[in-house]
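Structure assessment
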There are 2 protein chains.
Amino acid sequence: MREKLEKYYSFVFEKELIDEIVQVGVYKKLRENEILVDLGDKMKGIPLLLEGAIKIVREDKNGEEILLYFLERGDTCASSFASAISNGKCGIRATAEKESEIIFLPKEKLDEWMLKYKSWRTFVIESYNIRLNEMMETIDSLAFMNMSERLYKYLTDKAQIMRETSLNTTHQDIAYDMHTSRVVISRLLKQLENEGKIKLHRNKIEILEF
Amino acid sequence: MREKLEKYYSFVFEKELIDEIVQVGVYKKLRENEILVDLGDKMKGIPLLLEGAIKIVREDKNGEEILLYFLERGDTCASSFASAISNGKCGIRATAEKESEIIFLPKEKLDEWMLKYKSWRTFVIESYNIRLNEMMETIDSLAFMNMSERLYKYLTDKAQIMRETSLNTTHQDIAYDMHTSRVVISRLLKQLENEGKIKLHRNKIEILEF
DNA sequence: ATTATTTTGTGATTATCATCACATAATTTA
DNA sequence: TAAATTATGTGATGATAATCACAAAATAAT
């Protein structure tokens, strides 16, 4: 745990803070598709992502979903932070897109560290900042792009987060993330394939052009 | 300035912090439609809203706009905060929807106060939290609602922020905010009027049902 | 090996929204 | 007051995406 923490966070946190994190943080390994945070959960702390990829989705009353963004190593969940600090509920669901490793930080420390470590303050603000920008990108996609453009962005973004050029996924899964129907996705994928940007297989999409 | 600050912020900030704000804050009055922050601006501080209403919009490369959310008294601009702290650029435009009053806080104090005042830390985190939730609501609207529902939500939200039951606006202005065309808005407004939810006048929309 | 299930492909139809073209009404300006 | 400008109303048409219905292919289960 210390090893990976130092690998990804030594340029972010002071040595003393890393020591404290090692002391109070709880290491956890997440299986693929394991739910880390669910709708309405009250957070008792926040997760630091060491390895893997986490999908953050929003769900409305009717159970319809839309992808907000992905987290990768070095990231934390800003929604959890707010929820942990204010004892409020979390309005999102976080699911491991692949096997992932996290460190869970207890909420008691969150404010304490704000006083002690400049690097922690910067990290928290930076995290919020990054998340706000991700949300703006999501809004941009929804407001300004058509389905085909959104789909292509989805594929390339996800490939980058997963650090692979092929995605193991079905058309239906993509449709859920993008809040549309499988038929629509299948047709647009076929179109992207004809344009030479991707290659389709069963349960797998190769991305040829980034 | 101190008077309004105490009126709206005495339950948020400690007395000592309010004293400091009075000392270093710069009071400014904004005319209707005055631009407070523009795309790509680097912020030298953050605004605290004392009175009025500020519209925050996102703009893409082609100059197309979409409304993100409104700020009202007691709010601050989280995007500015991040921009000020990290010396980065601001990805939004903030415009006064009506005559407004703000206090501009210099960025040098932002981190200093994090150390000194618990209430400031809470305020900053809370502000980010509120903004994240607003963005999620915007995403919900875009992803899950049709134009008519979005329009009605726009009208009632804006009326609440403006603290009035009538909005002085044109169909074209609404179309800009919602990133659609005037024709679409006109038709949907007429429909809402037929449903008895609003009453249309030239340059004015009365909201009959909230 | 046969059956069942999952995944993908595709035509047809409909609904929503975007866009064009132009009319009418209200208000301002000259 | 006449002309220009701004705001709104409305029919027609097209594009995009949603939905239904069903076929075919690949894989998993019995």
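Remember, it's a predicted structure, so these values are computed and weren't measured experimentally.

**A look at the pairing of strand β7 (residues 198-201) of chain B**
All names here are of chain B. Burial along β7 is one-sided: Ile198 and Leu200 are buried, while Lys199 and His201, pointing the other way, are not. Pairing geometry for β7 and strand β8 (residues 204-207), over four bridges, is antiparallel. By the bridge assignment for β8, His201 is matched with Lys204. If you look at the hairpin formed by β7 and β8, you'll find two residues sitting between the two strands, and Asn203 has a positive phi there, around 65 degrees.

**Observations regarding the sheet that holds β7 of chain B**
One key point about sheets: their strands pair by backbone hydrogen bonds, in either a parallel or an antiparallel sense. As summarised here, the arrangement of the three strands in space is β6-β8-β7 (chain B), forming an open sheet in which the pairing is antiparallel. Across the chains shown, the open sheet's two edge strands, defined by having one partner strand only, are β6 (166-167) and β7 of chain B.

**A short note on the environment of Glu32 of chain A**
Residues and elements named next belong to chain A. Tracing the chain through its elements places Glu32 in the loop between β1 (26-30) and β2 (35-37). With 159 residues separating them along the chain, Glu32 and Gln191 place their C-alpha atoms 30 Å apart. Contacts of Glu32, omitting those with residues within four sequence positions, involve Ala96, Glu97, Lys98 and Glu99.

**Examining the packing of helix α5 (residues 118-144) of chain A against helix α3 (residues 78-86) of chain B**
The description of two packed helices rests on the angle between their axes and on the distance between the axes. Orientation of α5 of chain A relative to α3 of chain B, taken along the N-to-C sense of each, is 130 degrees, at an axis distance of 10 Å. When the axis of α5 of chain A is compared with that of α3 of chain B, the two are oblique. The element α5 of chain A and its partner α3 of chain B pack so that their crossing is left-handed. Listed contacts from α3 of chain B to Ile125, Glu126, Asn129, Leu132 and Met136 of chain A of α5 of chain A are Ala78, Ser79, Phe81, Ala82, Ile85 and Ser86 of chain B. In terms of residue class, the contact of α5 of chain A with α3 of chain B is made up of seven nonpolar, three polar and one charged.

**Details of the relation of the copies chain B and chain A**
Mapping chain B onto chain A calls for a screw motion: a turn of 180 degrees about the axis and a shift of 0.0 Å along it, with 0.0 Å RMSD after fitting. When the rotation and shift are considered jointly, the pair of chain copies conforms to a two-fold rotation axis. Rotation axis and chain B: the residue whose C-alpha lies nearest the axis is Leu115 of chain B, separated from it by 2.7 Å. The overlap is high: 100% of the interface residues of chain B also sit at the interface in chain A, so the same surface is used on both sides.

**As for the domain arrangement of chain A**
Residues and elements named next belong to chain A. As assigned here, chain A comprises domain 1 (2-142) and domain 2 (146-207). Each of domain 1 and domain 2 has a C-alpha centre, and these two points are 26 Å apart. Contacts between the two partners involve 16 residues from domain 1 and, on the opposite side, 11 residues from domain 2. Across the domain 1/domain 2 interface, buried area totals approximately 1,400 Å², and carbon plus sulfur atoms make up 52% of it. Run the count over domain 1 and domain 2 and you get four salt bridges. At the junction of domain 1 with domain 2, the criterion picks out seven residue pairs in polar contact (both at pLDDT 80 or more). Elements with a minimum of two residues in the side of domain 1 that touches domain 2: β3 (45-59), β4 (65-72), β5 (93-106) and α5. Looking at which element gives the most residues to the side of domain 1 that touches domain 2, the answer is β4, with six residues. Looking at the side of domain 1 that touches domain 2, its residues break down into seven nonpolar, one polar and eight charged.

The rules behind each value
Residues numbered from 1 in each chain as written. Chains lettered and ligands numbered in written order. Predicted model: local features only at pLDDT ≥ 70, side-chain atom pairs only at ≥ 80, totals over all residues. Heavy atoms only, no water. Buried < 20%, exposed > 50% of the residue type's maximum accessible area, 1.4 Å probe, protein only. Helix = DSSP H or I, 4+ residues; strand = E, 2+ residues; numbered from the N terminus. Pairing = 2+ DSSP bridges. Contact = heavy atoms within 4.5 Å. Axes fitted to C-alpha atoms, helices over the stretch in contact; angles between N-to-C directions. Parallel < 35°, antiparallel > 145°, perpendicular 65-115°, else oblique. Left-handed = near helix turned anticlockwise from the far one by under 90°. Nonpolar A, V, L, I, M, F, W, Y, C, P; charged D, E, K, R; others polar. Least-squares fit on C-alpha atoms with pLDDT ≥ 70 in both. Domains from an automatic or database assignment. Buried area = accessible area lost by both parts, 1.4 Å probe. Salt bridge = Lys/Arg side-chain N within 4 Å of Asp/Glu carboxyl O. Polar contact = N/O pair within 3.5 Å; in protein donor to acceptor, adjacent residues only side chain to side chain.

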